[in-house]
Amino acid sequence: MKISYNWLSQYTDIPENIRELADKLTMAGIEVEAIEAGKIIPDGIIIAEILERKPHPDADKLSVCRVNTGSEELQIVCGAPNCDAGVKAPLATLGTVLEDDETGKKITIKKAKLRGVESSGMLCSARELGIQDDHSGIMHLPKDASVGAPLNSIIKSDTVFDLEITPNRPDLLSHWGIARDISALMGTTLRFPDIKIPAVLKAEAAKYKDSVEVLNKGLCPRYTARIVKGIKVKESPEWLKERIQSIGLRPINNIVDITNFILMELGHPLHAFDLAELKGQKIIVRTASDGETMMTLDGKTHKLKSSHLVIADAEKPVALAGIMGGEHSGVTDKTVDILIESAVFFPPNIRASSRELGISSDSSYRFERGVDFEMAEAASNRAVSLILELAGGEIVSDLIDVKAPEREMPAPINCRFSSIRKLLGTEIDNQEIVEIFKRLGLEVSEINENSCRVDVPSYRLDIEREADLGEEVARIYGLDKIPALPVNAKMVSSLAEDAYLKLETAKNELISLGLCECMNYSMSDEKSAVCDGKFTKEDLVELKNPISSDFAYMRPSLFSGILDTVRRNISRKNLDLELFETGVVFCANKNLYPEERRECCIVLSGRKHPERFSSEKNETYDFFDMKGLLEKWLEHRRLENTGFRKADDPRFEKGSCAEIIAGGKYIGSFGMLAGNFTRGMRTQYPVYLAVIQLDVLLGLKDRNILYEPLSMFPSVARDVAFVADESLSHDKIVEFIMRSKPENLEKVELFDIFRDENIGKNKKSMAYSLTFRNSARTLTDEEVNKAHEKLRSQLASGLSVDLR
Amino acid sequence: MPNPIIEKISSALEISRQKLREAKTENDIEAVRVDLFGRKGLMPALSKEMSAVPSEEKREVGNALNNAKNEIQTLIDEAKAAISSVSSSASDEIDVTLPGRTWKLGKKHPVTMVIDDCVSIFRRMGFIVAEGPEIETVYHNFDALNTPPEHPSRDPQDTFYFPDGRLLRTQTSPVQIRVMESRKPPIRIVAPGRVYRRDTPDATHGMNFHQIEGLYVDRNVSLSDLKSILLAFAHEMLGPSVGVRLRPHFFPFTEPSVEYDFSCIMCGGKGCRVCKNSGWLEISGAGMVDPNVFKTVGLDPETWSGYAFGMGIERIAMIRYRINDIRLLFENDVRFLKQF
Ligand SMILES: [Zn+2]
């Protein structure tokens, strides 16, 4: 909401320093979003009078004017259409520097010849002076402006604040409202604008007594009307135009400008009807009938529902209550008699109607937040007073005031001083608390040493409870005066209950393994969501109101997101990638997965040592780099029963894919990304990817760490080599050896695999080194040889291999 | 008394070890090899002497000889390898400025860095982490948080809904409700997590971003406690010179509600472009738990009091690392990620 400094200063004394005022407002909870400092008009701009206007001999659009500056007569060439004789206008005298607001360019006014005619200065438009946006011609100054005086003696530069008003404080949506809060903050006196209303002739007044009928008092708790006859609709005086222009409104005519002015002055929306257009000279406040139509003053026709409240005359709706006037009932140049509406509407109804009809206005904005019940009358009085002053006419009715009889008064609040102190944590005394309430316009009574009774005025709809009073005390007392106590670091639960600890540890492990963490959006399009072949459309959690079809589904896996990350990096020539992501993924099919679970994706691709040179530079990540990384991660987590098994998976190349087992459970898959996913990526390197069921992994119990004593005796090494079928996998061999439990065997390590035609087709030669050691003594050759021989023969018979 | 051959073997071993350690060229190594294994070397000579060894000692001497041969051969191989790696560079010295072989260094995402820092700061002050689902009920996200039915944040313009009426949480605050429903005070938790707003992504908005929520419920908790925890957090996070300012504000689930600012770390509060000349950086909102919220979760507001606070993780990351576009955080360009 825009607030003008000059305007605000009418109602209370405000700090001269703009910054100081902005800080006061900010610290009172009225956030200053922007300050538009008014332009300072240079002294060289003076008030001049055009004495004579002649056409330029050589240019159609230019005029040659004789201008009185108060001390001399000058010849000025002017291009504006409205530089007529008799007009008073701002003149930039020679030597004045003007600055263009948009470009920041400065020009100095010099004596110049325009198409051969000498000109000694420049007549200015409002925009050239940075006062208003009007550039249709030179600015016309009031007839009584004194010629020769600097313009800044009559036009004061203004500053406009753009304020953010929180939804609980509709009472601040006006200059008066802001002034009222400032007076509470600073203890200054408030000045309500002068209102002068002459007495109404009794006979006239009686005629209009019953012209307002409210059929739905629930939706319209108060409706007031006043009738003024014989007015003259015309342009508003400068001061009024200046006020409403200062906050960005466009002047229309005196009557409309007055209603807009009062809206911004007192925060109460008004509406002026042309009495001649009200059939039966009646106002009926009713709900629309279903399907009833009306055209609003913006020229749009609306089809109404029975929940929409309208202001109608005897025949048809003439306004959408509290939202917008009708096309044909408003004030025009021809209007002579008017009816001024000042009402209160039920906020939720205005909000719903405004939303349904897609119309939002300054008035609906205030009505849907709640206006001051009592202000309805004051605003009407203020309007009539101004109309009589600026448009003439005669008031012919008293305030026609239709109120809901059962209006609820806000309940008084019992305020315990100790509760306020406890809430704020500060030693503010009773006296000071009461003082703050009074400054805020709250009525305080029944004060005793423990508590007081507080009655809340009609404009503070947000204060209902003790806690709300606490907030007011904090606001006015000053949050900066609340002490910051030493930190209380009370431990009320154990770290074992911490929900983040496991995930945090897992992330740190992946980082320690050399991976960079990624983060992708949680939503995706349908095609990407099901691209991994693991989910169908029915498994997806679909949004009802996505931003676009590109983000219509919650991701069922991190797969497509991290694929995008790989693709984006490769397109930017970042080919060497070591990445991981953890995040929540979603599934609608409860038979498959819980609705929300955590997943982890790991990516390896590109060169292992791009920083090195020669052959080392060309080493690239392969299947066993990914496997080794996963093995180290599982080892990090101290899991038991871990392993890998061959798998087929549409996400990975056939034959280059495995499943990961830990704690005896499936926890994920990895492999070389299948060709249909890497197609089009400009990289020569394969992409290795792992998808881990993170919740399953994090749920596994880790092994207790128990120290094993170290043997101080020497170890003895033996080898075993044999030819086996290709189908016999390494893990089967190791498992067989371990299960055979050769005496004193400490370690088995694969050291060679060898294939050639001498060995035979579908055969391989495998060689393992065995380490024997005893914890209590030095082994003899004999016992090692015995164990070795025994194992050899077990291998030969148990695995049907040919020993070498 | 061991066989004299064994003594010869061990003294030859000792000398060879010494020579190989000091060997600088291939020739030095070759000299050692010839001394031991050459036609006129020590080893062939000792082998010949074996015939003279008494049969009961043959096995022991034979083993010693074999072990020595094996050891020397290994030492020679190692010495050669050491020399060849050095001599592959033109001079005797390596070029120490050649690139080192990288040990891969992983990086935390900046959002995680901020979350982890926040969590560890609050853990130090006795908080533990709690969590809640990202698909939430309207009840937990709005109703129980005292949000009036007409509050604009409920609008489908701003909040993502599902056909069954649930929504994507717009804030981490529903975790407050879930925690108060499930355990008895005193409660001291923080809840970091992902939240969603229906904003079209631009430099300062995303469809999803992260928040961390804090909640402390106990007897006699005051606004002053809130101020002190925020001040302590600011000092731990950004340094001891950072100031905290509270401004009155409005949130449905706290009363009083405040917004809090940290003094600008760029200019030290004097005013600069980053803080729009105010000297303060707007961080987020906080307040004292509204009595209606306590009533909703079945706690007596006369007995229990509490504060709650929230903050935007991306906002802090952007201030801390001077990131000017929030979308960079979700692009995952490794050149960006590796800067952290
Ligand atoms: Zn700054």
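Residues numbered from 1 in each chain as written. Chains lettered and ligands numbered in written order. Predicted model: local features only at pLDDT ≥ 70, side-chain atom pairs only at ≥ 80, totals over all residues. Heavy atoms only, no water.

A look at the nonpolar core
Selection rule: Residues belong to a common nonpolar core when they are buried Ala, Val, Leu, Ile, Met, Phe, Trp, Tyr or Cys residues joined through side-chain atoms within 4.5 Å. Each residue gets one of three labels from its accessible area relative to the maximum for its type: buried under 20%, exposed over 50%, partly exposed in between, using a 1.4 Å probe on protein chains only. Secondary structure is summarised from DSSP: a helix means a run of H or I of at least four residues, a strand means a run of E of at least two, and numbering begins at the N terminus for each. Note on definitions: a residue-residue contact is assigned when non-hydrogen atoms from the two residues lie within 4.5 Å.
If you look at the biggest cluster of nonpolar residues, it comprises 150 residues, and the most contacted ones within it are A:Phe437, A:Ile602 and B:Phe309. Residue contributions to this core peak at eight residues, all from helix α8 (residues 223-238) of chain B. If we ignore the near neighbours within four places in the chain, the residues touching B:Phe309 are B:Phe122, B:Val190, B:Ile212, B:Glu213, B:Gly214, B:Leu226, B:Ile229, B:Leu230, B:Gly285 and B:Ala286. Formed by 51 residues, the second largest nonpolar core is a distinct cluster that contains A:Leu25, A:Phe261, A:Ala383 and A:Leu388.

Topic: the side chain of A:Ser605
Residues and elements named next belong to chain A. This is how it is decided: Pairs of N or O atoms are called polar contacts if they sit within 3.5 Å, as long as, within protein, a hydrogen donor faces a hydrogen acceptor (for residues adjacent in sequence, only side-chain-to-side-chain pairs).
Tracing the backbone through its elements, the reader meets Ser 605 in strand β33 (residues 596-605). The class for Ser 605 is buried, based on a relative accessible area of 0%. Within the structure, the side chain of Ser 605 is placed 2.9 Å from the backbone oxygen of Pro 686, a separation counted as a polar contact. Contacts of Ser 605, omitting those with residues within four sequence positions, involve Leu 575, Asp 576, Leu 577, Tyr 621, Tyr 685, Pro 686 and Val 687.

Thoughts on the coordination of the zinc ion
All names here are of chain B. The condition is simple: Sites may look incomplete, because water is not among the atoms used; the donor set itself consists of N, O and S atoms within 2.8 Å of the metal (3.2 Å for Na, K and Ca). Donor angles set the geometry label: tetrahedral for four donors if every angle is between 85 and 135 degrees, square planar for four and octahedral for six if opposite donors exceed 155 degrees and the others are between 65 and 115, irregular for anything else.
Looking at the zinc ion, the protein donor atoms are Cys 264 (SG), Cys 267 (SG), Cys 272 (SG) and Cys 275 (SG), and they sit 2.2 to 2.3 Å from it. Viewed at the metal, the four donor atoms of the zinc ion are separated by angles of 105 to 112 degrees, and the geometry they form is tetrahedral. One chain supplies every donor to the zinc ion, and in sequence these donors are spaced C-x2-C-x4-C-x2-C.

Re a nonpolar patch on the surface
The condition that has to hold: Residues enter patches when their relative accessible area tops 30% and they take part in no salt bridge; the joining distance is 9 Å for like charges and 5 Å for the nonpolar side chains Val, Leu, Ile, Met, Phe, Trp and Tyr. All accessible areas in this document rest on Shrake-Rupley with a 1.4 Å probe, and a residue is counted as covered only by the protein chains that are shown. Salt bridges are defined as contacts in which a side-chain nitrogen from Lys or Arg sits within 4 Å of a carboxyl oxygen from Asp or Glu.
Together, A:Phe192, A:Ile195 and A:Ile197 make up a nonpolar patch on the protein surface, roughly 210 Å² of accessible area in all. For A:Ile197, the position within the fold is in the loop between α3 (175-186) and α4 (202-208).

A short note on helix α20 (residues 730-740) of chain A
All names here are of chain A. We count it as follows: When we speak of the arc, we mean the arc of directions from the helix axis to the C-beta atoms.
Among the residues of α20, Ile 733, Phe 736, Ile 737 and Ser 740 are the ones counted as buried. Across the axial projection of α20, the buried residues extend over an arc of 95 degrees, all falling on one side. On its buried face, α20 is in contact with β38 (716-725), β39 (745-754), β40 (763-772) and α21 (781-798). Phi for Lys 741, located one or two positions after α20, is positive at around 45 degrees.

Some points on the sheet that holds strand β25 (residues 413-416) of chain A
All names here are of chain A. Basically, it comes down to this: At least two DSSP bridges between two strands are required for those strands to pair. Throughout, an axis means a line fitted to C-alpha atoms (over the contacting stretch in the case of helices), and angles, computed between N-to-C directions, take values from 0 to 180 degrees.
With respect to topology, three strands assemble into an open sheet ordered β25-β27-β26, the strand pairing being antiparallel. Every other strand in the sheet has two partners, leaving β25 and β26 (443-445) as the edge strands with one partner each. Along the sheet, successive strands turn relative to each other by an average axial angle of 35 degrees, direction set aside. In this sheet, strand β27 (residues 451-455) lies alongside β25 in antiparallel orientation, the contact comprising four bridges. Paired with Arg 416 across the strands is Ser 451, a residue of β27. Relative to β26, helix α11 (residues 430-439) is tilted by about 145 degrees, and along the sheet it contacts β25, β26 and β27.

Focus on the domain arrangement of chain B
Applied cut-off: Residue ranges assigned to the domains are those given by an automatic or database domain assignment.
Along its sequence, chain B is carved into domain 1 (4-91) and domain 2 (110-337). Taken over C-alpha atoms, the centre of domain 1 of chain B sits 73 Å from the centre of domain 2 of chain B.

Considerations on the environment of B:Thr204
Residue and element names in this part refer to chain B. Checked against the element boundaries, Thr 204 lands in the loop between β4 (187-196) and β5 (208-218). The class for Thr 204 is exposed, based on a relative accessible area of 53%. Placed 173 residues apart in sequence, Thr 204 and Ala 31 show a C-alpha to C-alpha distance of 74 Å. At 3.2 Å, the side chain of Thr 204 forms a polar contact with the side chain of His 205.

Observations concerning the packing of helix α2 (residues 26-37) of chain B against helix α3 (residues 42-49) of chain B
All names here are of chain B. Which entries qualify depends on this criterion: With respect to orientation, any angle under 35 degrees is reported as roughly parallel, any angle over 145 as roughly antiparallel, any angle of 65 to 115 as roughly perpendicular, and every other angle as oblique. For this classification, Asp, Glu, Lys and Arg are treated as charged, while Ala, Val, Leu, Ile, Met, Phe, Trp, Tyr, Cys and Pro are nonpolar and the rest, including Gly, are polar.
Relative to each other, α2 and α3 sit at 15 degrees, their axes nearing to 4 Å. Of the possible angle classes, the one that applies to α2 and α3 is roughly parallel. Residue-level inspection shows Asp 35, Leu 36 and Phe 37 of α2 in contact with α3, the latter providing Leu 42, Met 43 and Pro 44. Looking at the contact of α2 with α3, its residues break down into five nonpolar, no polar and one charged.

With respect to the interface of chain B and chain A
Put simply, the rule is: By definition, the buried area sums, over both parts, the 1.4 Å-probe accessible area that each loses when the two are put together.
Each side of the interface is counted separately: chain B has 92 residues, and chain A has 94 residues. Buried surface at the junction of chain B and chain A, both sides included, amounts to about 7900 Å², of which 54% is carbon and sulfur. At the boundary of chain B and chain A, one finds 14 salt bridges. Taken together, the connections running from chain B to chain A amount to 57 residue pairs in polar contact (both at pLDDT 80 or more). In terms of residue count, the dominant contributor to the side of chain B that touches chain A is α8(B) (eight residues).

Overview of the pattern of salt bridges
Counted according to the given criterion, the structure contains 78 salt bridges over all chains. With its nearest N and O atoms 3.0 Å apart, the salt bridge here joins A:Arg416 to B:Glu302. Taken together, the residues A:Arg416 in strand β25 and B:Glu302 in the loop between α9 (291-296) and β9 (305-312) connect one chain to another. Measuring nitrogen to oxygen at the nearest pair gives 3.8 Å for the salt bridge that ties B:Lys338 to A:Glu578. Of this pair, B:Lys338 sits in the segment after α11 (334-337) while A:Glu578 is found in strand β32 (residues 577-586), placing the two residues in two different chains. Its relative accessible area of 6% is what places A:Glu578 among the buried residues. Within the structure, one salt-bridge network assembled from shared partners comprises A:Arg169, A:Asp171, A:Asp181, A:Arg460, A:Asp462, A:Glu472 and A:Arg475.

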